[in-house]
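One-letter residues, chain by chain:
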Amino acid sequence: MSLYYSLGKLQKETWMDSISEKLPSIFNIAAYFLESNLAQGRSEKVAFYYQDSTYTYAQLNSFVRRTARLLSDLGLARENRIAILLSDTPESVFAFWGAIFLGAVPVPINTACTIDDIHYILQDSRAKVLVTNQEWQEKLAPIHSQFLRKILLKDGEQPFLSLLTQQTDEQLPYAETSGDEPAFWLYTSGSTGKPKGVIHNHQSMVVCAELYGKAKLGLHQNDITYSVAKIPFAYGLGNSLYMPIAVGAATILSDANNAFDIIADIDRYRPTILFGIPSIYASILSVHEIAPLNTSSLRLCLSAAEQLPKTIWYKWRDTYGIEIYEGIGTTELLHIFLSNAEGECRPGSSGRPLSGYDVRVVDEKGFPVPAGEIGDLEVSGESLMLGYWNRLRETRQALYGNAMRTGDKYLCDADGYFWFMGRKDDFFKVNGMWVSPFEVEDVLLQHEGVLDAAVVPECDRGEQLTEIIAYVSLKPGFDQSPDLEEKIRQLARTRLPHFKVPKKINFLETLPRTPTGKIHRKSLLKTH
Amino acid sequence: MSIPKTMDTLKAILANLGIPEESLHQDTLLRDNLQLDSVETVQISLELKRRLGVNVRLETRRDITLAEVCNLVEAAMSASH
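What you are looking at is a predicted structure, and each value in this text was computed from that prediction instead of being measured.

Rules behind the numbers
Just so you know, the residues in each chain are numbered from 1, in the order the chain's sequence is written. Chains carry letters from A onward and ligands carry numbers from 1 onward, assigned in written order. The predicted nature of this model means local features are confined to residues of pLDDT at least 70 and side-chain atom pairs, given and counted, to a pLDDT of 80 or more, with totals for whole chains, interfaces and linings taken over all residues. No hydrogens and no water enter the side-chain calculation; it runs on all heavy atoms of the structure. For helices, the fitted axis covers only the stretch in contact; all axes are lines through C-alpha atoms, and the angles between them, taken along N-to-C directions, range from 0 to 180 degrees. Note on conventions: DSSP H or I runs of at least 4 residues are helices, E runs of at least 2 residues are strands, and numbering of each starts at the N terminus. Handedness of a crossing follows from how the near helix is turned relative to the far one, being left-handed for an anticlockwise turn of less than a right angle and right-handed for a clockwise one. Note on contacts: a residue pair qualifies if any of its non-hydrogen atoms lie within 4.5 Å across the two residues. Only Asp, Glu, Lys and Arg are considered charged, only Ala, Val, Leu, Ile, Met, Phe, Trp, Tyr, Cys and Pro nonpolar, and every remaining residue, Gly among them, polar. Between the first and last residue of a helix there are one fewer steps than residues, each counted as 1.5 Å, and that sum is the expected span. Buried residues are those whose accessible area, probed at 1.4 Å on protein chains only, stays under 20% of the maximum for their type, while exposed residues exceed 50% and partly exposed ones sit between those limits. Residue ranges for the domains originate in an automatic or database domain assignment. Summed over both partners, the accessible area lost on bringing two parts together, with a 1.4 Å probe, is the buried area. Salt bridges are identified by distance alone: a Lys or Arg side-chain nitrogen within 4 Å of an Asp or Glu carboxyl oxygen. Polar contact criterion, stated in full: a pair of N or O atoms within 3.5 Å, where within protein one must be able to donate a hydrogen and the other to accept it, and residues adjacent in sequence count only if both atoms are side-chain atoms. Pairing between strands is defined by DSSP: at least two bridges between them are needed. Only buried residues count toward a nonpolar core. Its members are Ala, Val, Leu, Ile, Met, Phe, Trp, Tyr and Cys residues joined through side-chain atoms within 4.5 Å. Values of pLDDT, which run from 0 to 100, indicate the predictor's confidence residue by residue. Working definition: rings of Phe, Tyr and Trp (its six-membered ring) pair if their centres are within 6.5 Å, and the pair is stacked with planes under 30 degrees apart, edge-to-face with planes over 60 apart, and tilted otherwise. Note on geometry: a ring has a charge over it if NZ (lysine) or CZ (arginine) is within 6 Å of the ring centre and within 35 degrees of the ring normal.

S.K.: Would you mind going over the packing of helix α4 (residues 29–39) of chain A against helix α5 (residues 57–73) of chain A with me for this structure?
M.R.: What describes two packed helices is the angle between their axes and the distance between those same axes. Residues and elements named next belong to chain A. In the contact formed by α4 and α5, the axes pass within 10 Å of each other and the chain directions differ by 150 degrees. Between α4 and α5 lies a crossing of left-handed hand. Between α4, through Leu34, Glu35, Asn37 and Leu38, and α5, the contact on the second element is made entirely by Tyr57, Ala58, Leu60, Asn61, Val64 and Arg65. Considered class by class, the residues forming the contact of α4 with α5 number six nonpolar, two polar and two charged.

Take a look at the structure:
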């Protein structure tokens, strides 16, 4: 019996109570999505656009099955990991769904990761197969992973797509997985500096597609989504991969890098939904006179990944006449759980809980704090991860029964809106990506003149996008000067991704420290 | 404005982004040689607008040299006159 028909009854019911309880005991999310679309007559409908090509749902189905067969022939078995290190392309989509179809576990890797982090992820995940391109293969060489058996390349003598074309279209049965078992991993920044593998099961994507995609956004088959965040980010994975496929919509796979690329893409492909991040909204606004955005196709503009400053929200509405619905999600809960919505936006807030998620602000003992008081954000919902791979202590610290504390400080006002108040740890986000101050400080300390360094985020009380500001004290014999500041920044540029380079370096005689010797970052934020 | 003067302006903008002047030449590529990120390419465009009053869209899908940026600036200038 087809998976889709076994779920036919479930399609007509509301998902409000428990989604997981309604899933059949055998549930393969890749097969479910593919069969649902074909059964509903969407074979010839466009699943995604990529450069000058379009791929229909029938083609997607065929390529996914061929990928599963190819991977199976290569010896990839159920529960084996397969790493995918590519920008958003047809190959990354086929590899992701093909692996899940086979019961294997895809691990998309963010192409903005450092080489060290990618080596770490390949080792940590014990990926047996890596799908990438020649450029990355050269950059990573030599790869010392005793687990890696095969590298498939997008380009070169045997491109991945040509290997798929050589496969027969013979039906390969999907792996009879359960909704409770791991389907894929996503890596997220770890507090120790090394990325952590977040394990999600087959049901997670259905949960987010139902609660956010369908219920909150009203996604439907005529939508075309465009995501600034790429597939290896939890936000991008939902925006481009499983939310559109859950309703038979189309998505645009783009290699856009800056605001001009995105403006050109939106003009060309005419998406109905823009999944943005604050820095891109700010950037598109900043170039409005040079390249005005054609918003005529857009029905929704969403934002997540970091706090959207109020000033940008108002400027966007005043310039384009569209409100941005801001939300927050985490990799561990897979997608958005707090969101603003049409007609009830509170700019600067993360909005209110989605139906299906229980979101609270709690004190250290886990008791809810009264409205208006700051506490820890605790979220429970059915899209919660199984845990972090091979990180028992961090998993135990994060999970409380079916809830998780995100590490964010929040307050909930009397109307039920949630407001971000900072982090419990020293991490912060720039361009939607986590920055550890320790990593930046380590690089600054490599300059011969730097004695001590501290890095803090500054955002003018939430009015502006977060910028990285460094405070340094100098060794004897070195004097502060604009030239020295520039030299230190140049060093940082050679050793860090550019978004992590401090925008400004302030010189201090000595840096404030706590009695235990740690840098007192909060006092730097307050006094300067 | 002449091409050499445009190049001087462009080099000044890049120097302000923290790029050492000695690494800037006619055939220097923005992405491959200077590793400019998405924010920095937009900053260059905004600075060209501020300093020279020209609208130059620096898309990133094709890597371009400093000389090519100057050509874009010149083309934009003559189009607006």
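After that view of the structure, there is still more to cover.
S.K.: Help me out: how do you make sense of helix α10 (residues 202–214) of chain A in this one?
M.R.: An α-helical turn contains 3.6 residues, so any two residues separated by three or four positions project in the same direction. With 13 residues, α10 of chain A extends 18 Å between its outermost C-alpha atoms, agreeing within 8% with the 18 Å of an ideal straight helix rising 1.5 Å per residue. Within α10 of chain A, the full set of buried residues consists of His202, Gln203, Ser204, Met205, Val206, Val207, Cys208, Ala209, Glu210, Leu211, Tyr212 and Gly213 of chain A.

S.K.: Explain the domain arrangement of chain A to me, please; I cannot follow it from the model alone.
M.R.: The parts lose accessible area when they come together, and the size of an interface is often stated as this lost area. All names here are of chain A. For chain A, the domain assignment lists domain 1 (3–7 + 25–178), domain 2 (227–423) and domain 3 (436–527). The distance between the C-alpha centroids of domain 2 and domain 3 comes to 29 Å. In this complex, domain 2 contributes eight residues to the contact, which on the side of domain 3 involves five residues. With both sides pooled, the region where domain 2 packs onto domain 3 buries about 450 Å², and carbon together with sulfur makes up 58% of that total. Considering only the surface of domain 2 that becomes buried against domain 3, Glu306, Pro309 and Thr311 emerge as the three largest contributors, covering 64% of it. Where domain 2 meets domain 3, there are zero salt bridges. At the boundary of domain 2 and domain 3, one finds zero residue pairs in polar contact (both at pLDDT 80 or more).

S.K.: Teacher, can you tell me more about the interface of chain A and chain B here?
M.R.: Across the boundary between the two partners, chain A contributes 24 residues, which contact 23 residues of chain B. It is Phe260, Ile290 and Arg493 of chain A that lose the most area in chain A upon contact with chain B, and together they represent 31% of the buried surface on that side. Here chain A is connected to chain B by four salt bridges. Its salt-bridge partner being Glu40 of chain B, residue Arg493 of chain A comes within 2.5 Å of it at the nearest N-O pair.

S.K.: I tried to follow the sheet that holds strand β6 (residues 150–153) of chain A on my own but got confused; where do I start?
M.R.: What holds strands together in a sheet is hydrogen bonding between their backbones, with the strands either parallel or antiparallel. Residue and element names in this part refer to chain A. Reading across from one edge, β4-β3-β5-β6 is the order of the four strands in this open sheet, with parallel pairing throughout. The strands lining the two open edges of the sheet, one partner per strand, are β4 (105–108) and β6. The average undirected angle you get between the axes of adjacent strands in this sheet is 20 degrees. By the bridge criterion, four bridges tie strand β5 (residues 129–132) to β6 in an arrangement that is parallel. Its bridge partner lying in β6, Val129 is registered against Lys150.

S.K.: I'm lost on the pattern of salt bridges in this one. Help?
M.R.: Pairs may arise between side chains of opposite charge once their charged atoms sit close together. In this structure the tally under the stated criterion is 29 salt bridges over all chains. Here Asp223 of chain A ties to Arg299 of chain A by a salt bridge, and the two come within 2.7 Å at their closest N and O atoms. Placement of Asp223 of chain A in the loop between α10 and β9 (224–227) and of Arg299 of chain A in the loop between α13 (278–286) and β12 (300–303) is noted, with a sequence separation of 76 residues between them. Two residues, Glu47 of chain B and Arg50 of chain B, come together in a salt bridge whose shortest N-O distance is 3.0 Å. With Glu47 of chain B and Arg50 of chain B both in helix α2 (residues 38–52) and three residues apart, the pair spans about one turn of that helix. Arg50 of chain B gets classed as exposed once you look at its relative accessible area, which sits at 60%.

S.K.: Just to check I follow, could you spell out the nonpolar core for this structure?
M.R.: Grouped burial of nonpolar side chains is what soluble globular proteins tend to show. Counting residues in each nonpolar core, the largest one holds 130 residues, and the members touching the most others are Leu60, Trp97, Met205, Tyr242, Trp316 and Tyr357 of chain A. Residue-level mapping places this core at the junction of two domains, with at least three residues from each of domain 1 (3–7 + 25–178) and domain 2 (227–423) of chain A. Dropping the residues within four chain positions of it, Tyr242 of chain A is found in contact with Phe33, Trp97, Met205, Cys208, Ala209, Leu237, Leu334 and His335 of chain A. Listed in part, the 23 residues of the second largest apolar core include Leu34, Leu52, Leu66 and Val69 of chain B.

S.K.: Where do I start with the sheet that holds strand β15 (residues 352–353) of chain A in this structure?
M.R.: Taken in spatial order, the nine strands make up an open sheet running β2-β1-β10-β9-β11-β12-β13-β14-β15 (chain A), and their pairing is mixed. One side of each edge strand has no neighbouring strand; the edge strands of this open sheet are β2 (53–56) and β15 of chain A.

S.K.: Mind showing me how you'd approach the confidence of the model for chain A here?
M.R.: Overall, the predicted model of chain A reaches an average pLDDT of 92, with 95% of residues at or above 70. Taken together, the stretch residues 8–15 of chain A has pLDDT below 50 and engages in eleven contacts with residues farther than four places along the chain or on a different chain.

S.K.: Which parts of the structure should I look at to understand the pairing of β9 of chain A?
M.R.: In summary, the side chains of a regular strand alternate between the two faces of the sheet. All names here are of chain A. Because side chains alternate across β9, one face comprises the buried residues Ile224 and Tyr226, and the other comprises Thr225 and Ser227, equally buried. As defined by bridge partners, β9 adjoins strand β10 (residues 250–253) across three bridges and the pair is classed as parallel. Following the sheet pairing, Tyr226 is matched in β10 by Ile252. Pairing between β9 and strand β11 (residues 273–276): three bridges, direction parallel. Counterpart to Tyr226 in the pairing with β11 is Leu274.

S.K.: Can you walk me through the packing of helix α1 (residues 3–16) of chain B against helix α3 (residues 66–80) of chain B in this structure?
M.R.: Residue and element names in this part refer to chain B. Contact geometry for α1 and α3: axes closest at 9 Å, N-to-C directions at 115 degrees. Judged by the twist between their axes, the crossing of α1 over α3 is right-handed. On the side of α1, the interface is formed by Ile3, Thr6, Met7, Leu10 and Leu14, while α3 contributes Leu66, Ala67, Val69, Cys70, Asn71, Val73 and Glu74. Within the contact of α1 with α3, the residues separate by chemical class into nine nonpolar, two polar and one charged.

S.K.: What's the story with the side chain of Ser339 of chain A in this structure? I'm lost.
M.R.: Tracing the sequence through the fold places Ser339 of chain A in strand β14 (residues 336–339). Not counting the four nearest positions on each side in its chain, Ser339 of chain A is found in contact with Tyr212, Lys216, Glu326, Gly327, Ser350, Gly351, Arg352 and Leu354 of chain A.

S.K.: Help me out: how do you make sense of the environment of Leu334 of chain A in this one?
M.R.: Residues and elements named next belong to chain A. As for its placement among the helices and strands, Leu334 is situated in the loop between β13 (324–329) and β14. Leu334 sits 135 residues away from Ile199 along the chain, and the two C-alpha atoms are 9.9 Å apart. Each residue touching Leu334, except ones within four places of it in the same chain, is listed here: Phe184, Leu186, His200, Ser204, Met205, Cys208, Ala234, Tyr235, Leu237, Tyr242 and Ser383.

S.K.: How should the pairing of strand β7 (residues 182–188) of chain A be read in this particular structure?
M.R.: All names here are of chain A. For β7, a buried count of six out of seven residues is recorded, marking the element as mostly surrounded by other parts of the structure. In this structure, β7 lies alongside strand β8 (residues 196–201), joined through six bridges in antiparallel fashion. The partner of Pro182 across the bridge, within β8, is Asn201.

S.K.: How do you make sense of the packing of aromatic side chains when you look at a structure like this?
M.R.: The geometry of an aromatic ring pair is captured by the separation of the ring centres together with the interplanar angle, meaning the angle of the planes. All names here are of chain A. Evaluated as defined, the whole model comprises 22 aromatic pairs over all chains. Plain terms: the ring middles of Phe63 and Phe94 are 4.6 Å apart, the flat faces sit at 10 degrees to each other, and that makes the pair stacked. With Phe63 in helix α5 and Phe94 in helix α6 (residues 90–102), this pair connects stretches of sequence that are 31 residues apart. When sorted by exposure, Phe63 lands in the same class as Phe94, which is buried. Linked through ring pairs, Phe27, Tyr32, Phe33, Phe96, Trp97 and Phe184 together constitute an aromatic cluster. The aromatic ring of Tyr388 is capped on one face by Lys196, whose charged end is 4.2 Å from the ring centroid.

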